[in-house]
Amino acid sequence: MFIGISALNLDGKGRMTVPARHRDVLLARSQGRLTLTKSPDGCLLMFSDDEWVAFRDRVMQLPMSAQGWKRIYLGHATETEMDATGRVLISPELRQAAGLEREVDLIGMGRHFEIWDRARHQAQEAAVIEAGMPDAVRDIVL
């Protein structure tokens, strides 16, 4: 289970260093093989190899009426691997799609991660809070 937020920086080549607490799990689960893809929320999604296969299979089952969503998730998917120091290369196309410059937030979302441009993430989070808590969330929050 991936949880928590990590404030990271991309290097000049567009690589992000995965924090050690997640790196060990990703190495154990999929030998460091990862898939990154575009999210309609304005961030990137990052999956371990095993979780990507499950997600990909669910997306492939979508009906023809969801062809555009298949294109977003599958068409933008890029396979990559962590290098020996735990860095992940994010392709220029995906960096551009998510507006990633230098400062990024890596957010554990349970079975996958989101990668956000830090300023975009802060603005999105502020908008969520301003909109108020929906009943579905209010019912589970202590």
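Residues numbered from 1 in each chain as written. Predicted model: local features only at pLDDT ≥ 70, side-chain atom pairs only at ≥ 80, totals over all residues. Heavy atoms only, no water.

1. Quick word on the overall build of the protein
And step 1. Helix and strand counts for the protein stand at six helices and eight strands.
And step 2. Secondary structure elements of the protein occur, N-terminal to C-terminal, as β-β-α-β-β-α-α-β-β-α-β-β-α-α.
And step 3. Its C-alpha atoms give the protein a radius of gyration of 16 Å, within 12% of the compact-globule value 14 Å for 142 residues.
And step 4. Seen through its principal axes, the protein has C-alpha atoms that stretch 45 × 35 × 30 Å.
And step 5. Long-range pairs, those at least 24 residues apart, make up 59% of the contacts in the protein with a sequence separation of at least 6.
And step 6. Charge centroids of the protein, computed over 18 positive and 20 negative side chains, lie 4 Å from each other. (Helix = DSSP H or I, 4+ residues; strand = E, 2+ residues; numbered from the N terminus. Rg over C-alpha atoms; globule rule 2.2 N^0.38 Å. Contact = heavy atoms within 4.5 Å. Lys, Arg positive; Asp, Glu negative; His and termini not counted. Charge placed at Lys NZ, Arg CZ, Asp CG, Glu CD.)

2. Notes on the packing of aromatic side chains
And step 1. Enumeration over the complete set of coordinates arrives at six aromatic pairs.
And step 2. Aromatic pair F47 and F55: ring centres 4.7 Å apart, planes at 25°, arrangement stacked. With respect to burial, F47 and F55 carry one shared label: buried.
And step 3. Through pairs of rings, three or more aromatic residues link up here, namely F47, W52, F55, W69 and Y73. (Phe/Tyr/Trp six-rings, centres within 6.5 Å; stacked < 30°, edge-to-face > 60°. Buried < 20%, exposed > 50% of the residue type's maximum accessible area, 1.4 Å probe, protein only.)

3. A closer look at the nonpolar core
And step 1. Formed by 20 residues in total, the largest nonpolar core has its most connected members in M16, L26, M46, I90, L100 and I115.
And step 2. Elements with a contribution of two residues or more to this core: β1 (2-9), β3 (33-38), β4 (44-48), α4 (92-98), β7 (103-110) and β8 (113-117).
And step 3. Once residues within four sequence positions are removed from consideration, I115 is found in contact with M16, L36, C43, L44, M46, I90, L100, V104, D105 and L106. (Core = buried A, V, L, I, M, F, W, Y, C linked by side-chain atoms within 4.5 Å.)

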